[in-house]
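Listed below are the residues making up each chain.
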Amino acid sequence: RDAGALGRRMSPRVLVVEYHPLVVTGLELALRARDWRVATTSGPDARAVVALAGEFRPDCVLLDLHLGDELGDGLALIGPLRATGAPVVMLTAETDPLLLASCVEAGAEGWIGKDAFLDRIVAAVEDVLAGRPLLGIAARAALLDDLRVRREGLTRALSPFQPLTPRGRRGLGCPGE
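Fair warning: this is a prediction, and the values are worked out from it, not measured in the lab.

A. Up close: the packing of aromatic side chains. One pass over the structure, following the stated rule, counts 0 aromatic pairs. Over the face of the ring belonging to Phe56 we find Arg13, whose NZ or CZ atom lies 5.4 Å from the ring centre.

B. Spotlight on the side chain of Glu18. Here Glu18 is to be found in the loop between strand E1 (13–17) and helix H2 (21–32). Only 2.9 Å separates the side chain of Glu18 from the backbone nitrogen of His20, close enough to count as a polar contact. If we ignore the near neighbours within four places in the chain, the residues touching Glu18 are Val23, Val24, Thr41, Ser42, Asp64, Leu67, Leu91 and Lys114.

C. Representation of the packing of H2 against helix H7 (residues 118–129) within the structure. Contact pair H2 / H7: the axes reach a minimum separation of 11 Å and the direction vectors enclose 65°. By the angle between their axes, H2 is roughly perpendicular relative to H7. Here H2 and H7 pass one another in a crossing that is right-handed. Only Leu118, Ile121 and Val122 of H7 make contact with H2, whose side of the interface consists of Leu27, Ala30 and Leu31.

D. Up close: the packing of helix H5 (residues 75–82) against helix H6 (residues 97–106). Look at H5 against H6: their axes get within 9 Å of each other, and the N-to-C directions meet at 20°. Taken together, H5 and H6 sit at an angle that is classed as roughly parallel. Remark: the crossing between H5 and H6 carries right-handed chirality. Contacts between H5 and H6 involve Leu75, Ile78 and Gly79 on the former and, on the latter, Ser102, Cys103 and Ala106.

E. Looking closely at the sheet that holds strand E3 (residues 60–63). Across the sheet, which stays open at both edges, the 5 strands sit in the order E2-E1-E3-E4-E5 with parallel pairing between neighbours. In the strand order of this sheet, the two ends are held by strand E2 (37–41) and strand E5 (110–113), each with one partner. Pairs of neighbouring strands in the sheet enclose a mean axial angle of 25°, with direction left out of account. Bridge count between E1 and E3: 4 bridges; the pairing is parallel. Within E3, the residue paired with Leu15 across the bridge is Val61.

F. Representation of the pattern of salt bridges within the structure. A full pass over the atoms with the stated rule returns 6 salt bridges. Here Arg82 ties to Glu109 by a salt bridge, and the two come within 3.1 Å at their closest N and O atoms. One end of the pair, Arg82, is in helix H5; the other, Glu109, is in the loop between H6 and E5, with 27 residues separating them in the sequence. Judged by its relative accessible area of 36%, Arg82 falls in the partly exposed class. Each of Glu18, Asp64 and Lys114 takes part in a single network of salt bridges with overlapping partners.

Reading guide: rules and limits
The numbering scheme is per chain: residues are counted from 1 as the chain's sequence reads. Local features in this predicted model are restricted to residues of pLDDT 70 or higher, and side-chain atom pairs are both shown and tallied only at a pLDDT of 80 or more, whereas totals for entire chains, interfaces and linings draw on every residue. Heavy atoms throughout the structure, all of them, feed into the side-chain values; hydrogens and water do not. Aromatic pairs are defined between Phe, Tyr and Trp rings, using the six-membered ring for Trp, whenever the two ring centres lie within 6.5 Å; interplanar angles under 30 degrees are classed as stacked, those over 60 as edge-to-face, and all others as tilted. In this scheme, the term charge over a ring applies when either NZ of a lysine or CZ of an arginine sits within 6 Å of the ring centre and within 35 degrees of the ring normal. Helix and strand definitions follow DSSP, with helices as H or I runs of at least four residues and strands as E runs of at least two, each counted in order from the N terminus. Identification of polar contacts relies on pairs of N or O atoms within 3.5 Å, with a donor-acceptor requirement for protein atoms, meaning one able to donate a hydrogen and the other able to accept it, and with residues adjacent in sequence counted only if both atoms are side-chain atoms. When checking whether two residues touch, look at their non-hydrogen atoms; a contact exists if any pair is within 4.5 Å. To get an axis, fit a line to the C-alpha atoms, keeping to the stretch in contact for a helix; angles then go from 0 to 180 degrees between the N-to-C directions. By the definition adopted for this analysis, an angle is roughly parallel if under 35 degrees, roughly antiparallel if over 145, roughly perpendicular if from 65 to 115, and oblique otherwise. Crossing chirality is assigned from the near helix's rotation relative to the far helix, an anticlockwise turn below a right angle marking it left-handed and a clockwise turn marking it right-handed. The pairing criterion is simple: DSSP has to find at least two bridges between the two strands. Take a side-chain nitrogen of Lys or Arg and a carboxyl oxygen of Asp or Glu: if they are within 4 Å of each other, that pair is a salt bridge. To sort residues, take the accessible area from a 1.4 Å probe on protein chains only and compare it with the maximum for the residue type: under 20% means buried, over 50% means exposed, and anything in between is partly exposed.

Interpretation in functional terms is not warranted from these geometric data alone.
In structure tokens form, the structure reads like this:
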């Protein structure tokens, strides 16, 4: 985002994409109390979330990774939300480093745990708005390298099953079959 455009605004615009009503309400009230402009959504589908982002034009998106049965996986929303021009920060209870690395790989600036205090969430959004990274260069590289190594290991582990027919792989319970 253009820092000058943000400076001309009185307060940042934050879009919260979250499934849990209590988290949404608490975060919305807390950010509005700081005179931030806040929009919230949990769908009903990805198209509606991206449409709202296009209309609201947030300076930052706080996105949960697990968005319930109807909306599904927040990972798939990172790219479309970034395409609206807003940086995306994951706000999640997820602790699996490989899932978090997948979010970074998809374009998220980083993540904040849902156990964080409000001041930490505000500081992270302010850092992103100021162009400061949430992850250091070395931490980001290590995270993505671990993801690559894990994927290569999975590919090697599954390679003996590749000559099987789809029916044979299903019979063995191979992933994705």
